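One-letter residues, chain by chain:
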Amino acid sequence: EEMTAAEEKRKGMPVEAKIGIALLIFFGGPIALVLLTGAGDSFSYSEPVGAVAGDPAAFEGRQLRVEGMLREGSVQFREDPCEWRFTIEEQDPSQEIQSAINVSFPQCVVPDTFRDGFGISVTVQGEVQGDGSFLANEVVPRCPSKYEMQERLEAGEEMPHERPTT
């Protein structure tokens, strides 16, 4: 028995095609979301300061994270336009060679734990610039462990986030 054109149209797509489209939406959607939004940046890898400072041109033009220690006394803030500038560094275990990168962070606010003079480790995310400096779009400070902080407190240092006692 033959179907008319109207009956053929009502029958619709074959089941295999419907399953194929459903699978494409199910698996393709999240992949497209990662690629088309900035979510892919969260997969950038970290490099130590020494690797980036030693060959900045090799890292130029791509998103990456760089980890280092905040150089004491290097933090500067400018209000108009807002920008934080600081240096992160890495010392060779022999203490002979020191690598450093100057960082610019064009934002008005940094995390509360970003404090000069407390020997904090900092991870910056962004891009190496043509002059070897680093333009950060994210700054993640890591405070010393509670044990290091206790040792510093016992040595008479002031804590960066200590609540005042009343």
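The preceding data block contains the structure.
These numbers were taken from a predicted model, which means no experiment stands behind them. Going along each chain's sequence as written, the residues are numbered from 1 onward. pLDDT decides what is reported in this predicted model: residues at 70 or higher carry local features, side-chain atom pairs at 80 or more are listed and counted, and totals for whole chains, interfaces and linings draw on all residues regardless. To get the side-chain values, all heavy atoms of the structure are used, and hydrogens and water are removed first.

**Student:** Pulling in residues and values, what's your account of the state of the cysteines?
**Tutor:** Pairs of cysteine sulfur atoms within 2.5 Å are identified as disulfides in what follows. Applying the stated rule across the entire model yields one disulfide. Put simply, cysteine 82 and cysteine 108 are joined by a disulfide, and their sulfur atoms are 1.9 Å apart. Given an S-S torsion of about 95°, the disulfide between cysteine 82 and cysteine 108 has right-handed geometry. On the criterion of sequence distance, the pair formed by cysteine 82 in the loop between β3 (76-78) and β4 (83-91) and cysteine 108 in the loop between β5 (98-105) and β6 (121-128) is long-range, its members being 26 residues apart. Accessible area is worked out with a 1.4 Å probe on protein chains only. A residue is then buried under 20% of its type maximum, exposed over 50%, and partly exposed in between. Cysteine 108 gets classed as partly exposed once you look at its relative accessible area, which sits at 44%. Helix and strand assignments come from DSSP, with helices taken as H or I runs of at least 4 residues and strands as E runs of at least 2, each series counted from the N terminus.

**Student:** How would you explain the pattern of salt bridges if you had to name every residue and give the values?
**Tutor:** Here, a salt bridge means any Lys or Arg side-chain nitrogen found within 4 Å of an Asp or Glu carboxyl oxygen. One pass over the structure, following the stated rule, counts four salt bridges. Notably, a salt bridge pairs glutamate 83 with arginine 78, separated by 3.0 Å at the nearest N-O pair. The salt bridge partner of arginine 85 is glutamate 83, with a shortest N-O separation of 2.8 Å.

**Student:** Can you break down the nonpolar core residue by residue, with the values?
**Tutor:** Within this scheme, the nonpolar core is defined by two criteria: the residues are buried Ala, Val, Leu, Ile, Met, Phe, Trp, Tyr or Cys, and they are joined through side-chain atoms within 4.5 Å. By size, the foremost hydrophobic cluster in this structure holds 22 residues, and its most contacted members are Val66, Phe86, Ile88, Phe114, Val122, Val124 and Phe134. Sorting the residues of this core by element identifies α3 (49-54), β2 (64-70), β4, β5, β6 and β7 (134-142) as the ones contributing at least two each. Contact between two residues is taken to exist if any of their heavy atoms lie within 4.5 Å; hydrogens are not considered. Not counting residues within four places of it along the chain, the set of residues in contact with valine 124 comprises Leu64, Arg65, Val66, Phe86, Ile88, Val103, Phe134, Ala136, Glu138 and Val139.

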